[in-house]
Amino acid sequence: MKKAINVLYLENKDIKKSAARMFKIVFTTLLLFFSVQAPAQVFVPFSYWKGLAPLTVTSPSPLYIVAGYDSVITVTGGMGVYTWSNTAGDGSSITSTSDPDHFLDPSADYVARATNFATDVITVRSGSLTATVNVTTYALPLAISPTTWIMQVTPPGPTKTFVGGGGCLMGANCTGGAFAFSVVSGGGSITSPGGVFTAPAAPGTTVVQVADSIGNTATATITVVNVLTISPITLKIAVFSTNAFSAIAGTPAYTYTVIPGTGGTGTVVAGTGVYTAPSTTGTNTVRVTDTIPNTSDSAVTIIKPVDIKVGQYFACALYNEGSVKCWGQNTYGQLGLATGSTASVGNDATEIGGANLFVDLGTGRTATSIAVGYDHACALLDNATVKCWGRNSDGQLGKGNTTNLGDNIGEMGDSLTAINLGAGRTATEVYAFGYFSCAKLDDNSVKCWGDNLYGQMGVASTADVGNAANEMGDNLAAMSLGTGRTATKLAGGQYFVCALLDNATLKCWGRNNKGQLGKNNLFNLGDGANEMGDNLTAINVDGNGGAPRTVSDVVAGVEYVCVIRDNSTAICWGEGDAGELGDGDPGDGEYGDEAGEMAVRASINMGAGFATLTNLYTSSQNTCAKDNANMFKCWGRNNEGQLLVGDTTNVKTPPAAALNVGTGLVVSKFYSNYRTLCALITNDRIKCWGRGTDSGGGAAHGIFISTSAAHLGDNSPGEVGDNLGYINH
């Protein structure tokens, strides 16, 4: 024996280890053999058995394992030599973790039965000690669904229900209990056992956990993001116009769709959010969806223009529901934006269509009509009051001062008060000319305020009115139009006014440097005493010494006047240098400035194809006529393409060709106040042409919106007819 022991202590460590192991095996085997086979004949010292710890399975008992899965089972105590066995087949097995002979290792690899909800008994022996563990199989490993989720903060983000699956719940077939849910990290809360997660109020990452009855866990990661919001959240937009929607927060990528409402259905580019309104009024909903998917909706109201008015370098449109929008030059706040900026609007792609702001007329207020001067605008509101904004150099805003309005924050909306027209007085019509404004009141009187350099206020003075305190309200005198006479319509130029009276006669006053007052002289009227009322005689519109004629309509340019007479013919007088009088300019370019001219004024020959005259329109030095078949003809100044014929040659008589705004298009309304002309087409769209820059020929002021061209209509064929684009307002 001593020799054998000496052999075991070899220098090689691996051999030493193997020898020691062999000795222990042999010794323990002998002990086991004699203790089991011949316990009566073999004496085992009591001190050896006394030193053994109880044999204990440290793995849970009973043990639950997914069918077919493996697990390591561990024991402590015993003699240090272990024998493992199990009772069931069905694919189950147990093998010592590192000792194929099952002797020395206190742990074993167990492969569970293949059958769900079946039990196997594992036995481990060490000497005379025995321990068992029951192993029950179940169907699936514990899982949580979904394992990842993205949701919005609360409020208003919705809750999310998480579901546990698989695992083992105490009871028959591992189905007798409920899963337990908890928040492991991050914000928010989750109900247990319901699994309903409520997001926190701030974005971040949250981990939630589900646990079964035997301690298995599974986790899910939740990304909490800010609320997805579409911008703008509401939109009012004109037919055919465009607007670029955008998404705020949420989780990209975004997809845009249109949900039909009343009226026509617009279109939207799914990936960019560019929306195009339909051709008819109504409502749509534009929806953005992110990848969660969360959604956000914008309520879209589609409106249409019913009137268009043009100032010196800007334009305003009135819409069917009473809103007003302006674009172009904004030097004096004439666009009514009150954003604190006086930059032009319409000369940048981000300022077109739905991006262009509406004029804030006040809480609950809408407009029934609009008027524009050179650099200011006025609106008659639904409550019969008048508000004006923009340039106020001469008191044309009627506020008792010369402060511009609309060019600073806090000057529009409810902050812009109605003009004081006198105690108990309301307005039925509003007008704006040059640098002054007028209103027809509920008692049929007319009051004007603003520039009065040439007596256009008709108050026997040349002092401006409305630019100082105590000049408005009851202190603002009404025009004296003659005993018993009232006005049915006003027309005006830069420094003069004409009134079509209730007896179908016409009176004009103010500046008369071109004969525009039709008095056969060049004397201003209204700036001195005894020049108004009955002293102001009606203009002779008989013409050619014929039968007495009356006036059915009146329009005015900068320094000329045109009327439609009761026999549906037209005559014009005043300045005619550019051909705006339509008479071919046979004389000195002016008419009505010399004795006897008005009595023999010939009517305008509208030319072949023109039927019965129904409407006249004027601009700075252009005149247009419309017949009852919707033919339009225009003549006069054309240096900037005002006549829309593709050149810059003035035309001094009505042309043979009709105004070309596009194939099959019919002009519904037409307006100009300077050298830019705009037409409202019967398809509810707007086209503008003529001058696109200010008087200095500088940068475009945006009145064309779709282009920064200095002029439109002067380059054939690229700027006329079908090639003339619509205004995206």
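### Here's the deal with the overall build of the chain
Across its full length, the chain carries three helices and 49 strands. The dimensions of the chain, computed from C-alpha atoms along their principal axes, are 160 × 55 × 50 Å. In the chain, once contacts between residues fewer than 6 apart in sequence are set aside, the share between residues at least 24 apart is 54%. When the accessible area of the chain is evaluated, it comes to approximately 29900 Å², of which 53% is carbon and sulfur surface. For the chain, the separation between the mean place of its 41 positive charges and that of its 56 negative charges on side chains is 12 Å.

### A short note on the layout of surface pockets
Here the largest pocket is characterised by a volume of approximately 760 Å³. Taken together, the residues that form the lining of the largest pocket break down as 21 nonpolar, twelve polar and six charged.

### Some points on the confidence of the model for the chain
Of the residues in the chain, 91% reach a pLDDT of 70 or more, and the chain-wide mean stands at 88. Across residues 1–50 the pLDDT falls below 50, and counting only partners more than four positions away or on other chains, this stretch makes 22 contacts in the model.

### Description of the sheet that holds strand β6 (residues 107–111)
The strand order across the open sheet formed by four strands is β1-β3-β6-β5, and the pairing between neighbours is antiparallel. Two strands bound the open sheet, and with one partner strand each, they are β1 (53–57) and β5 (93–96). Each strand of the sheet is rotated relative to its neighbour by a mean of 20°, with strand direction disregarded. Direction of pairing for β5 relative to β6: antiparallel, over a ladder of four bridges. Residue pairing for β6: I94 is matched across the bridge by Y110.

### Looking at the pattern of salt bridges
For the structure shown, the criterion picks out 17 salt bridges. A salt bridge links R601 to D583, with the shortest nitrogen-to-oxygen separation between them at 2.8 Å. Of the two residues, R601 is situated in the loop between β42 (590–591) and β43 (613–618) and D583 in the loop between β41 (570–575) and β42; the sequence distance between them amounts to 18 residues. A relative accessible area of 27% places D583 in the partly exposed class. If you follow the salt bridges from partner to partner, you end up with R425, D442 and D443 in one network.

### A closer look at the state of the cysteines
Enumeration over the complete set of coordinates arrives at eight disulfides. Between the sulfur of C316 and that of C326 lies a disulfide, 2.1 Å long from S to S. Since a negative S-S torsion denotes a left-handed disulfide, the C316-C326 link at about 105° is right-handed. In this pair, C316 is assigned in strand β28 (residues 314–319) and C326 in strand β29 (residues 324–328), connecting sequence segments ten residues apart. Residue C316 shares its accessibility class with C326, and that shared class is buried. Here C678 pairs with C688 through a disulfide, and the sulfurs are 2.0 Å apart. Judged by the sign of its S-S torsion, about 110°, the cystine formed by C678 and C688 is right-handed. Of this pair, C678 sits in strand β47 (residues 676–681) while C688 sits in strand β48 (residues 686–691); the two residues are ten residues apart in sequence, bridging distant segments of the chain. For the pair C678 and C688, one class covers both residues: buried.

### Some thoughts on the nonpolar core
Core analysis: the largest hydrophobic core is formed by 88 residues, its most contacted members being L506, W509, V561, V563, W573, M606 and L616. The greatest single-element share of this core, amounting to six residues, is contributed by strand β37 (residues 496–501). With residues near it in sequence (within four places) discarded, L506 still touches C498, A499, L500, T537, A538, I539, V551, V554, V561, V563 and W573. Counting 34 residues, the second-largest nonpolar core is a separate cluster that includes C624, L644, V661 and C688.

### Some words on the side chain of N728
Tracing the sequence through the fold places N728 in the segment after β49 (711–712). Since its relative accessible area comes to 14%, N728 is described here as buried. At a separation of 2.7 Å, a polar atom in the side chain of N728 contacts the side chain of T242.

### Considerations on the packing of aromatic side chains
Applying the stated criterion across every chain yields a total of eleven aromatic pairs. Centroid distance Y374 to Y435: 5.3 Å. Interplanar angle 80°. Geometry classified as edge-to-face. Here Y374 is found in the loop between β30 (367–372) and β31 (376–381), whereas its partner Y435 is found in the loop between β33 (427–433) and β34 (436–441), with 61 residues between them in sequence. Each member of the pair, Y374 as well as Y435, carries the same accessibility label: buried. The interplanar angle of 50° and the centroid separation of 5.5 Å between the aromatic rings of F433 and F436 together place this pair among those described as tilted. Grouping residues by exposure puts F433 and F436 together as buried. Three or more aromatic residues joined by ring pairs make a cluster, and in this case those are Y617, F632, F670 and W689. Cation over ring: R601 sits above Y591, and NZ or CZ is 3.8 Å from the ring centre. Here the guanidinium or amino end of R685 rests over the ring plane of F240, the centre of that ring lying 4.1 Å away.

### A look at the side chain of N452
Topologically, N452 is positioned in the loop between β35 (446–450) and β36 (487–492). Residue class for N452 comes out buried when judged on its relative accessible area of 0%. Polar side-chain contacts of N452 include one of 3.1 Å to the backbone nitrogen of Q456. When residues no more than four places from it in sequence are discounted, the contact partners of N452 are M457, G458, V459, S461, T462, A463 and D464.

### Considerations on the sheet that holds β36
Pairing is antiparallel in the open sheet, where three strands are placed in the order β36-β37-β38. Single-partner strands in this sheet number two, and they are β36 and β38 (506–510). Neighbour to neighbour, the strand axes of the sheet diverge by 20° on average, direction disregarded. Here β37 pairs with β38 via five bridges, running antiparallel. Pairing of C498 across the sheet is with C508, part of β38.

### Some words on the environment of V300
Within the secondary structure, V300 sits in strand β26 (residues 295–303). Setting aside residues no more than four positions away along its own chain, V300 makes contact with L235, I237, F245, Y275, G282, T283, N284 and V286.

### Structural notes on unusual backbone geometry
With omega at 0°, the peptide bond leading from S231 into P232 counts as cis. Assignment of secondary structure puts P232 in the loop between β18 (229–231) and β19 (234–238). A cis amide bond, omega 0°, links P252 with the succeeding residue A253. For A253, the position within the fold is in the loop between β21 (246–248) and β22 (255–260). Of note in the backbone geometry, D684 takes a positive phi value of approximately 70° without being a glycine. If you trace the backbone, D684 turns up in the loop between β47 and β48.

Rules used in this analysis
In this numbering scheme, every chain counts its residues from 1 along its sequence in written order. In keeping with the model being predicted, local features are shown solely for residues with a pLDDT of at least 70 and side-chain atom pairs are shown and tallied solely at 80 or more, while totals for entire chains, interfaces and linings include all residues. Side-chain metrics rest on all non-hydrogen atoms present in the structure, leaving aside hydrogens and water. Only DSSP runs of H or I with at least four residues qualify as helices, and only runs of E with at least two residues qualify as strands; both kinds are numbered from the N terminus onward. We call two residues in contact whenever any of their non-hydrogen atoms come within 4.5 Å of each other. Residue-level accessible areas treat just the shown protein chains as cover; the underlying method is Shrake-Rupley with a 1.4 Å probe. In this tally Asp and Glu are treated as negative and Lys and Arg as positive; neither His nor the chain ends contributes. Charge placement uses NZ in Lys and CZ in Arg. For Asp and Glu, CG and CD serve respectively. Cavity and pocket criteria rest on a 1 Å grid covering protein atoms alone: a 1.4 Å probe that fits but cannot get out defines a cavity, protein on both sides within 12 Å along at least 5 of 7 lines defines an open pocket, and an atom within 4 Å of a point defines a lining residue. Grid points are joined across faces, edges and corners, and a volume is the space filled by probe spheres set on the points. In this classification, the charged set is Asp, Glu, Lys and Arg, the nonpolar set is Ala, Val, Leu, Ile, Met, Phe, Trp, Tyr, Cys and Pro, and all remaining amino acids, among them Gly, are polar. Summary of the metric used: pLDDT quantifies the predictor's per-residue confidence within the range 0 to 100. Being paired, for any two strands, means DSSP has found at least two bridges between them. Helix axes use the C-alpha atoms of the stretch in contact, all axes being lines fitted to C-alpha atoms, and the angles between their N-to-C directions lie in the range 0 to 180 degrees. Whenever a carboxyl oxygen of Asp or Glu lies within 4 Å of a side-chain nitrogen of Lys or Arg, that contact is scored as a salt bridge. The rule is simple: take the accessible area with a 1.4 Å probe, protein chains only, and divide by the maximum for that residue type; under 20% is buried, over 50% is exposed, in between is partly exposed. Two cysteine sulfur atoms form a disulfide, by the criterion used here, when they sit within 2.5 Å. For this analysis, a nonpolar core means a set of buried residues of the types Ala, Val, Leu, Ile, Met, Phe, Trp, Tyr and Cys, connected via side-chain atoms within 4.5 Å. Nitrogen and oxygen atoms within 3.5 Å of one another constitute a polar contact, given that in protein one can donate a hydrogen and the other can accept it, and given that sequence-neighbouring residues count only through two side-chain atoms. Stacked, tilted and edge-to-face are the three classes assigned to paired rings of Phe, Tyr and Trp, where Trp is represented by its six-membered ring and a pair needs centres within 6.5 Å; plane angles under 30 degrees give stacked, over 60 edge-to-face, the rest tilted. Any Lys NZ or Arg CZ found within 6 Å of a ring centre and within 35 degrees of that ring's normal is scored as a charge over the ring.

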